[in-house]
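# Report on the structure
Next come the chains, spelled out residue by residue.
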Amino acid sequence: KLPLIEGLTLELEMPKGGKIRYYITRENGGGITTEEEFVTDANVCAISSAGVVNIYSNVNMEEIKVYDVTGREIYSAVGLEVMSYEVDLPAGVYMLQVVFDEKLHTQKFIVK
């Protein structure tokens, strides 16, 4: 188990001697977080393994969109109220857009 952010723990089963790599980025500003700060300081983490992308956030995600390198939208999920979501994608480089509390988060990720 790996605590990602307050209230969210990620559990991964790592293959022995496998070639799969996991990259997790976490920033910690320290101090006590109030509910208002928690919403404005939302974090998103996308982890891919064998074509499955798991998207995690410390606040409810309302909308998820995935774009390929040409900017074409290839996946969309709206009307969500979830802190984790799973998407099946073929190998490639993608841009992830997540909307929460009328704020937009965008990040690049790779599926191998």
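Note that this is a predicted model, so its numbers are computed, not measured.

### Quick notes on the overall build of the chain
The helix and strand tally for the chain stands at 1 helix and 7 strands. What you see in the chain, going N to C, is helices and strands ordered as β-β-α-β-β-β-β-β. For the chain, long-range pairs separated by at least 24 residues make up 44% of all intrachain contacts whose partners lie at least 6 apart in sequence. Taken as a whole, the chain presents about 7,600 Å² of accessible surface, with 49% of it coming from carbon and sulfur.

### Quick look at the pattern of salt bridges
A side chain with one charge may pair with a side chain of the opposite charge, provided their charged atoms come close. Here the structure, examined in full by the defined rule, presents 3 salt bridges. Between Glu63 and Lys65 there is a salt bridge, with the nearest N and O atoms lying 3.5 Å from each other. A salt bridge links Asp68 to Arg72, with the nearest nitrogen and oxygen atoms 3.0 Å apart. Salt bridges here are not isolated pairs; linked through shared partners, they connect Glu63, Lys65 and Glu73.

### Some words on the environment of Ala91
Inspection of the secondary structure puts Ala91 in the loop between strand E5 (73–88) and strand E6 (92–100). Distance in space between the C-alpha atoms of Ala91 and Ile110 is 7.4 Å, their sequence separation being 19 residues. Ignoring any residue separated from it by four or fewer positions in sequence, one finds Ala91 in contact with Val111 and Lys112.

### Here's the deal with the nonpolar core
Membership of the largest hydrophobic core comes to 19 residues, with the highest contact counts inside it found for Ile55, Leu89, Leu96 and Phe109. Counting only elements with at least two residues in this core, the list comes to strand E3 (44–49), strand E4 (52–68), E5, E6 and strand E7 (103–111).

### A closer look at unusual backbone geometry
In this structure, Ala50 takes a positive phi of about 55° despite not being glycine. Mapped onto the fold, Ala50 is located in the loop between E3 and E4.

### Comments concerning the confidence of the model for the chain
When pLDDT is low, close inspection of the predicted coordinates is not appropriate. Mean pLDDT for the chain: 76, with 63% of residues reaching 70 or above. Ranking the helices and strands of the chain by mean pLDDT puts E5 first, with 94, and helix H1 (residues 35–40) last, with 42. Counting interchain partners and residues more than four positions distant, the pLDDT-below-50 stretch residues 25–40 has 12 contacts.

Calculation criteria
Residues numbered from 1 in each chain as written. Predicted model: local features only at pLDDT ≥ 70, side-chain atom pairs only at ≥ 80, totals over all residues. Heavy atoms only, no water. Helix = DSSP H or I, 4+ residues; strand = E, 2+ residues; numbered from the N terminus. Contact = heavy atoms within 4.5 Å. Areas by Shrake-Rupley, 256 points an atom, 1.4 Å probe, with all protein chains shown as cover. Salt bridge = Lys/Arg side-chain N within 4 Å of Asp/Glu carboxyl O. Core = buried A, V, L, I, M, F, W, Y, C linked by side-chain atoms within 4.5 Å. Buried < 20%, exposed > 50% of the residue type's maximum accessible area, 1.4 Å probe, protein only. pLDDT = per-residue confidence, 0-100.

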